[in-house]
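Architecture and fold: a report
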Number of protein chains: 2
Amino acid sequence: MTSTNPTDFGFEKKVPEGDTFERQVCSDCGWVHYENPKVVVGSVVTYENKFLLCKRAIHPRKGFWTLPAGFMEQRETTEAGAIREAFEEANTHIRIRDLLAVYNVTHISQVQIMYRAVLDKPEFSAGDESLDVALFAWDDIPWEELAFPTVYWALHQYRSIKDQDSFVPFSNAEGDMLEKSFEILKR
Amino acid sequence: MTSTNPTDFGFEKKVPEGDTFERQVCSDCGWVHYENPKVVVGSVVTYENKFLLCKRAIHPRKGFWTLPAGFMEQRETTEAGAIREAFEEANTHIRIRDLLAVYNVTHISQVQIMYRAVLDKPEFSAGDESLDVALFAWDDIPWEELAFPTVYWALHQYRSIKDQDSFVPFSNAEGDMLEKSFEILKR
């Protein structure tokens, strides 16, 4: 059994020498556990006006639908990470078009970098982390069963610039879109 | 004395249960040291056609000029991080305009998120991490003494869209700009 929670290991919060912020520091050996925001890379993937969604096989939000996206790994680009995630979750090859959005999800310290991408062929299947993968026309998207607010933002923001060749990428939703997206978490 | 190198602590490389990638895992207690790409947030800051640069007081590249930028902290937005870095390094208050670029520096696993920003007043001074802070007209920028290739990219890409209200943010430099930027590292 492995653990990723520093408090299991006799860590204490203090400001390391020469630093500005409190960090988790091991009381025994002085190891400083720097925690940095994590980058999530993903994409709104389309094929002939349909949207590729994955039904999550893992927690959190198991059984809910999400975009192919996940934690960026070391020594890859954000684009390569988005391609890898689509391959892992949907056994599919996507082609990145351009940057759709940069989201800040501060309460979980995530920066989400989302791309527009396309499938050249409608070939995909559920990877290990997915229960199901499917293409949905806009009206058939399972809006009541989306996994995260940022999935709602990305789909709607994509929709708003759908036919444009170039556009200014989006950031966090505001107003109505933000409010509606929070409904997702009540389900 | 603190250490941040896992190899000092009896870590070994292996693939944790349910994972795809090799990680540093403590041989004694099973602690998994996940290493993720780090986010650097910063900005090209201008005041009346001049560019704010900071002379680094710390390694790496001590004594060379850089943009106000640094590692994003937990629970802040990318914009807030860029504002904080300018405050820490240049004792100044910047106003973020928009997203200038997203760079991937894969060999050090960094995602750099750079903004356009302005100073409303030319008030600044060297923070703890800077030897000097100054505003430079384009032709007076110390091109021979820039700290990093991405500083060169950001300044030139900024220059190319200078008067535009909106634009598609940049990614890594290519071709000539990329080659010239590598000259920096020979100095």
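Keep in mind it's a predicted model, so treat the numbers as computed, not measured. (Residues numbered from 1 in each chain as written. Chains lettered and ligands numbered in written order. Predicted model: local features only at pLDDT ≥ 70, side-chain atom pairs only at ≥ 80, totals over all residues. Heavy atoms only, no water.)

Before going further, it helps to spend a moment on the overall build of chain A. Check the secondary structure of chain A and you find 3 helices and 10 strands. The helix and strand sequence of chain A, counted from the amino end, reads β-β-β-β-β-β-β-α-β-β-β-α-α. Oriented by its inertia axes, the alpha-carbon framework of chain A measures out at about 60 × 35 × 35 Å. Taking all contacts inside chain A whose residues are at least 6 apart in sequence as the whole, residues at least 24 apart take part in 61%. For chain A, the exposed area adds up to about 9,400 Å²; of that, 47% sits on carbon and sulfur atoms. Taking the average location of the 20 positive side-chain charges in chain A and that of its 30 negative ones, the two points are 3 Å from each other. (Helix = DSSP H or I, 4+ residues; strand = E, 2+ residues; numbered from the N terminus. Contact = heavy atoms within 4.5 Å. Areas by Shrake-Rupley, 256 points an atom, 1.4 Å probe, with all protein chains shown as cover. Lys, Arg positive; Asp, Glu negative; His and termini not counted. Charge placed at Lys NZ, Arg CZ, Asp CG, Glu CD.)

With that settled, the discussion passes to the sheet that holds strand E1 (residues 11-14) of chain B. Residue and element names in this part refer to chain B. Taken in spatial order, the 3 strands line up as E1-E2-E3 in an open sheet, and their pairing is antiparallel. Each end of this open sheet is capped by a strand with a single partner; those strands are E1 and strand E3 (32-33). Direction of pairing for strand E2 (residues 23-26) relative to E3: antiparallel, over a ladder of 2 bridges. Along E3, the bridge assignment pairs glutamine 24 with histidine 33. (Pairing = 2+ DSSP bridges.)

We now examine the packing of helix H2 (residues 149-161) of chain B against helix H3 (residues 175-183) of chain B. All names here are of chain B. Where H2 meets H3, the closest approach of the two axes is 8 Å, and the angle between their N-to-C directions is 135 degrees. The angle between the axes of H2 and H3 places the two elements in the oblique class. In the packing of H2 onto H3, the handedness of the crossing is right-handed. From H2, Pro149, Tyr152, Trp153, His156 and Gln157 reach across to H3, where they touch Met177, Leu178, Lys180, Ser181 and Phe182. The residue inventory of the contact of H2 with H3, partitioned by class, reads 6 nonpolar, 3 polar and 1 charged. (Axes fitted to C-alpha atoms, helices over the stretch in contact; angles between N-to-C directions. Parallel < 35°, antiparallel > 145°, perpendicular 65-115°, else oblique. Left-handed = near helix turned anticlockwise from the far one by under 90°. Nonpolar A, V, L, I, M, F, W, Y, C, P; charged D, E, K, R; others polar.)

By definition, the strands of a sheet pair up through backbone hydrogen bonds, in either a parallel or an antiparallel sense. Taking strand neighbours across the sheet as the criterion, the 3 strands line up as E1-E2-E3 (chain A) in an open arrangement whose pairing is antiparallel. Two strands lie at the open edges of the sheet, namely strand E1 (11-14) and strand E3 (32-33) of chain A, each paired on one side alone.

The subject of this paragraph is the interface of chain A and chain B. In this complex, chain A contributes 40 residues to the contact, which on the side of chain B involves 40 residues. Across the chain A/chain B interface, buried area totals approximately 3,700 Å², and carbon plus sulfur atoms make up 64% of it. Taken together, the links from chain A to chain B amount to 2 salt bridges. Its salt-bridge partner being arginine 23 of chain A, residue glutamate 73 of chain B comes within 2.9 Å of it at the nearest N-O pair. Put simply, chain A and chain B have 8 residue pairs in polar contact (both at pLDDT 80 or more) between them. For the side of chain A that touches chain B, the elements supplying multiple residues, two or more each, are E3, strand E4 (38-47), helix H1 (78-90), strand E8 (94-105) and strand E9 (110-119) of chain A. The leading source of residues in the side of chain A that touches chain B is H1 of chain A, at 4 residues. The residue makeup of the side of chain A that touches chain B, split by class, is 17 nonpolar, 14 polar and 9 charged. (Buried area = accessible area lost by both parts, 1.4 Å probe. Salt bridge = Lys/Arg side-chain N within 4 Å of Asp/Glu carboxyl O. Polar contact = N/O pair within 3.5 Å; in protein donor to acceptor, adjacent residues only side chain to side chain.)

Along the chain, asparagine 36 of chain A turns up in the loop between E3 and E4. Excluding residues that lie within four positions of it along the chain, asparagine 36 of chain A makes contacts with Lys38, Met72 and Gln74 of chain B.

Relative to chain B, chain A is turned by 180 degrees and slid 0.0 Å along the rotation axis, the superposed coordinates differing by an RMSD of 0.1 Å. The two molecules are tied by a two-fold rotation axis, judged by turn and shift. When each C-alpha of chain A is compared by its distance to the rotation axis, valine 168 of chain A comes out closest, at 2.7 Å. Looking at chain A, 100% of its interface residues are interface residues in chain B too, so the copies touch through the same face. (Least-squares fit on C-alpha atoms with pLDDT ≥ 70 in both.)

Attention now moves to H1 of chain A. Residue and element names in this part refer to chain A. Over its 13 residues, H1 extends 18 Å from the first C-alpha to the last, a length consistent with the 18 Å expected when each residue adds 1.5 Å. Listed as buried for H1 are Thr78, Gly81, Ala82, Arg84, Glu85, Ala86, Glu89 and Ala90. Remark: asparagine 91 follows H1 within two positions and exhibits a positive phi of approximately 45 degrees. (Expected span 1.5 Å × (residues − 1). Buried < 20%, exposed > 50% of the residue type's maximum accessible area, 1.4 Å probe, protein only.)

All names here are of chain B. Of all 10 residues in strand E9 (residues 110-119), 10 are buried, a share of seventy percent or more. Neither face of E9 is open: one carries Gln110, Gln112, Met114, Arg116 and Val118, the other Val111, Ile113, Tyr115, Ala117 and Leu119, and all of them are buried. Two strands pair when backbone bridges link them, and strand E4 (residues 38-47) and E9 are joined in this way by 9 bridges, in the parallel orientation. Following the sheet pairing, glycine 42 is matched in E9 by methionine 114. By the bridge criterion, 10 bridges tie strand E8 (residues 94-105) to E9 in an arrangement that is antiparallel. Note on E9: the bridge partner recorded for arginine 95 is valine 118. The hairpin turn running from E8 into E9, its antiparallel successor, is 4 residues long, and serine 109 in that turn takes a positive phi close to 50 degrees.

Here we take up the pattern of salt bridges. Across all of its chains, the model carries 20 salt bridges over all chains by this definition. Where arginine 23 of chain A meets aspartate 19 of chain A, a salt bridge forms, and the shortest distance between an N and an O atom there is 2.8 Å. Residue glutamate 183 of chain B pairs with lysine 186 of chain B through a salt bridge whose shortest N-O separation is 3.4 Å. You can call glutamate 183 of chain B partly exposed: its relative accessible area is 36%. Within this structure, Glu76, Arg84, Glu85 and Glu88 of chain A form a network of salt bridges that share partners.

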